[in-house]
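Listed below are the residues making up each chain.
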Amino acid sequence: MKFWLEKGVSGFRVDAPMLFMEDEQLRDNPPPKLDANIFTVFGECERTLNHPDTFRFINELNVFLQQYDRKSRKKIQLETVMKYYGTKRFPVFNLPLNYRFVGLAGYLDAYQLRDFLRAWLDKVPKNMHINWALGNHDFGRVAHYFNTEYNSILLALVTMLPGTLVIYFGEELTMGANNLVINDDIYLRNPHRSPMHWDDTRNAGFTSGEKSWLPVHPNYWHYNVQTQKTYENSSLNYFKDLTSLRKTDTVKYGDLKFHIVSKWVMAYSRTYKGTSYIVVMNLGTETQPIDLYDATNNISTTLTVVACSPNSGYKKGYEMKTTPNYPTASLLRPHSVVVLSSM
């Protein structure tokens with residue numbers, strides 16, 4: 001670690017630290033069940049999983065890293081993650097990666113999603129850093145568990161909520177898993193590791209060789225960076241709009257409030273020094289009317305669209321009225337998102 005820190009690296013991603021330590025008597029863990037896989041076998045390591053010495057060891061690493069003013073990182077499930085934050089006097093990891101979206105059992109309504117997000121926000125220790133992660137090389141892209149339209153909702157959540165965002169390559173393009181990969185990986189992870197789609201040329205522009213190590217997804221001709229750059233209403237440009245908003249003081253420092261518009265429409269606002277952004281998402285499978293007057297406590301009678309998902313039917317610059325009983329109700333398509341500004 002000292003070698004790389006002196007080279008100037010900003011930090012380290014630590015994988016599977018819950019299994020750092022061995023049993024004091026060096027006893028084996030019970031053998032895994034016959035149907036166990038990578039996602040269940042860790043939970044059966046009862047003599048080593050989250051061993052008490054693990055936290056002492058990581059604390060030693062953290063204290064060492066603080067000499068270089070860098071950050072260590074870690075991922076773990078919500079049930080034990082707060083232990084990996086440690087305390088001000090006994091720091092463990094600075095940024096335990098929050099992969100809770102991977103664990104979603106299915107589609108949530110507005111009340112369930114609000115409570116799901118609050119469960120993390122309310123438990124993060126005071127003055128500790130919040131983060132939101134989508135897919136990774138083991139679990140794949142989170143949209144794979146839902147559908148391509150739902151990806152718009154997930155991108156809006158990780159970019160506009162307080163904290164650091166972590167995405168897996170290709171999620172900004174709505175890339176899927178290449179299930180055509182001939183897979184000899186015992187953990188069945190290769191479909192999520194196929195090459196990045198840079199353009200619509202051979203091998204998606206990933207390599208000039210005869211072929212890539214893993215096959216390119218057949219939809220690369222459409223879901224690629226170069227193609228999506230060329231038309232405004234693409235997933236990539238939607239993501240770029242969201243990340244541009246992250247640079248504003250309103251998203252950096254703004255207060256967070258959740259608003260239930262209806263059972264299937266949730267909104268949340270970020271407000272700072274009189275400026276607000278309101279993220280509105282239709283979590284349901286049918287087009288929904290959105291009455292924002294009561295839900296947002298009348299932040300403004302007119303809100304302007306500053307970012308919108310490709311499936312929303314809106315364009316940037318559209319003005320949405322929030323006055324009660326306005327003759328034309330605003331509608332939001334299924335699994336779509338609009339981000340509105342009060343400016």
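Whatever comes next refers back to the structure up there.
Residues numbered from 1 in each chain as written. Predicted model: local features only at pLDDT ≥ 70, side-chain atom pairs only at ≥ 80, totals over all residues. Heavy atoms only, no water.

A. The arrangement of the side chain of Glu171 in detail. Among the structural elements, Glu171 can be located in the loop between strand S5 (164–166) and helix H7 (225–229). Contacts of Glu171, omitting those with residues within four sequence positions, involve Leu134, Gly135, Arg141, Val142, Asn151 and Leu155. (Helix = DSSP H or I, 4+ residues; strand = E, 2+ residues; numbered from the N terminus. Contact = heavy atoms within 4.5 Å.)

B. Fine view of the nonpolar core. In this structure, Phe101, Leu117, Leu157, Met266 and Met281 are the most contacted members of the largest nonpolar core, which totals 46 residues. Elements that contribute at least two residues to this core include exactly helix H4 (78–85), helix H5 (110–123), strand S4 (131–133), helix H6 (150–160), helix H8 (235–245), strand S7 (265–272), strand S8 (275–282) and strand S13 (337–341). Ranked by the residues each element gives to this core, the list is headed by H6, at eight residues. If we ignore the near neighbours within four places in the chain, the residues touching Met281 are Leu113, Ile153, Ala156, Leu157, Trp264, Val265, Met266, Tyr268, Leu332, Ser336 and Val337. By size, the runner-up hydrophobic cluster in this structure holds 15 residues, among which are Val265, Ile278, Val280 and Tyr314. (Core = buried A, V, L, I, M, F, W, Y, C linked by side-chain atoms within 4.5 Å. Buried < 20%, exposed > 50% of the residue type's maximum accessible area, 1.4 Å probe, protein only.)

C. Expanded view of the pattern of salt bridges. Going through the model one piece at a time under the given rule, you end up with three salt bridges. Close ionic contact of Asp115 with Arg114 constitutes a salt bridge, the shortest N to O distance being 3.2 Å. Since its relative accessible area comes to 41%, Asp115 is described here as partly exposed. In this structure, the salt-bridge partner of Lys316 is Asp241, at a minimum N-O distance of 3.2 Å. You can see Lys316 sitting in the loop between strand S10 (302–308) and strand S11 (319–321) and its partner Asp241 sitting in helix H8, a full 75 residues away along the chain. (Salt bridge = Lys/Arg side-chain N within 4 Å of Asp/Glu carboxyl O.)

D. Main features of the sheet that holds S7. If you walk across this open sheet you meet the six strands as S6-S7-S8-S13-S10-S11, and the pairing is antiparallel. The two strands at the open ends of the sheet, each matched to only one other strand, are strand S6 (255–262) and S11. If you compare each strand with its neighbour and ignore which way they point, the axes differ by 30° on average. When S10 meets S11, the two strands line up antiparallel, connected through three bridges. (Pairing = 2+ DSSP bridges. Axes fitted to C-alpha atoms, helices over the stretch in contact; angles between N-to-C directions.)

E. Fine view of the pairing of S13. With five of five residues buried, S13 is to be regarded as a mostly interior element. Burial along S13 is two-sided: the face carrying Val337, Val339 and Ser341 and the face carrying Val338 and Leu340 are both buried. Of the pairings in the sheet, the one linking S8 to S13 comprises five bridges and is antiparallel in character. When the bridges of S13 are listed, Met281 appears paired with Val337. Taken together, the four bridges between S10 and S13 define a ladder with antiparallel strand orientation. Along S13, the bridge assignment pairs Cys308 with Val338.

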